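Commentary on secondary and tertiary structure
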Amino acid sequence: MEIGRCWDFKDDEQPPYPTIKVTLSSGDREAMIAPKVDTGFNGWLAVGAEAVRRLRLTPRGTVLVRAATGHSEVPVYAVKISQADLALTYTTLAIGTERSLVGRKLLENRIWLLDHKNGRFCMMTPT
Amino acid sequence: MMRPFVEAVRTFKWEPFRSADLVEKLGYASGYARNFLSQATRQGLLIVESKKGKREKTFRANPSVVREIVLKGGKEKEELLQALGLHSRYPGQYIALRGFKVIDHDADLYRLGERIFPDTEAEDEIVITNVGKPKKMITIEV
């Protein structure tokens, strides 16, 4: 195995946290964001208020989710997520949260390197 | 206003009803029934249907209200889903609603989303929501 594409940790909070850059689109609008990798999130994507505003997303419903602080009802949006390094282009429902997150569905079936020493999150590729 | 509306939905679903039906089936005083019908119509919760030659108006729950209530969420959404009998038919599932009609359902939110919103331009009238506590609930850590 060798280290493939890496994304730097974000350090706007301590300790710094892993991210993956993804492109989101809806209609003719597009935004590149670097959501936090949340391995406790069992879905694809959560979009923060800023991304919702930039993409002018309108809610397609509401669902109950369980967060660390308890249950809450959040909006859901239909959004297209693209990530070239993962060969991923997929339209999915994204839940609306305070900040953008990527969940385990985006990580599954791949090997990842959480490199705290160098502050990066990397995809491992077979040699 | 919401409570008598939900009661009307529970009793008549999307079928037409008259002021007299509210008195007879829900036990409302006729003044209260008339007042409710007038206010609920003004607020867009009900649609008036006048038939030619008939003096008495009939009313019907406005299907577009379902979307608004689902998007607002909370207790009113739960009460409406309950009134539509969905808690017993789709417990713990995610449903897609067009007006009062369930057009699809699934225990998995993402599978349902794939079918209902194959692209981001899919029709606006449809809303997705959970019925009760989802069996496959979305969890987030932060």
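First, a word on scope: everything that follows refers to the structure included in this document. (Residues numbered from 1 in each chain as written. Chains lettered and ligands numbered in written order. Predicted model: local features only at pLDDT ≥ 70, side-chain atom pairs only at ≥ 80, totals over all residues.)

Examining the sheet that holds strand β11 (residues 120-125) of chain A
Residue and element names in this part refer to chain A. Put simply, the rule is: Strand pairing is assigned whenever DSSP detects at least two bridges linking the two strands. Secondary structure counts use DSSP, requiring at least four H or I residues in a row for a helix and at least two E residues in a row for a strand, with both numbered from the N terminus. Axis definition: a line fitted to C-alpha atoms, over the contacting stretch in the case of helices. Angles run 0 to 180 degrees between N-to-C directions.
Strand order in the open sheet made by the three strands is β1-β11-β10, with antiparallel pairing throughout. Looking along the sheet, the strands with just one partner apiece sit at the ends: β1 (2-8) and β10 (112-115). Averaged over all neighbouring strand pairs, the angle between strand axes comes to 25°, with direction disregarded. Bridge count for β1 against β11 is five bridges, and the pairing is antiparallel. Within the sheet, the bridge partner assigned to D8 lies in β11 and is R120.

Observations regarding the nonpolar core
For clarity, the cut-off: Joined through C-beta atoms within 7 Å, a set of buried Ala, Val, Leu, Ile, Met, Phe, Trp, Tyr and Cys residues constitutes a nonpolar core. For the exposure call, what matters is how many other C-beta atoms sit within 10 Å of a residue's own: 20 or more marks it buried, 12 or fewer exposed, and in between partly exposed, using C-beta atoms placed from the backbone. Domain delimitation in this document rests on an assignment produced automatically or drawn from a domain database. Each residue gets a C-beta atom placed from its backbone, and two residues are in contact if those atoms lie within 7 Å.
Ranked by size, the top nonpolar core spans 65 residues in total, and within it V47(A), Y77(A), V79(A) and A94(A) carry the most contacts. For this core, the domains that each give at least three residues are domain 1 (2-61) and domain 2 (64-130) of chain B. Those residues in contact with V47(A) that sit more than four places away from it in its chain are V52(A), L57(A), Y77(A), V79(A), A94(A), G96(A) and S100(A).

Digging into the interface of chain A and chain B
Taken together, the 30 residues of chain A in the interface contact 27 residues of chain B. Secondary structure elements with two or more residues in the side of chain A that touches chain B: β6 (61-67), β7 (70-83) and β8 (88-96) of chain A. Looking at which element gives the most residues to the side of chain A that touches chain B, the answer is β6(A), with seven residues. Note that β6(A) and strand β6 (residues 138-139) of chain B share two bridges and pair parallel. Following the sheet pairing, V65(A) is matched in β6(B) by I138(B).

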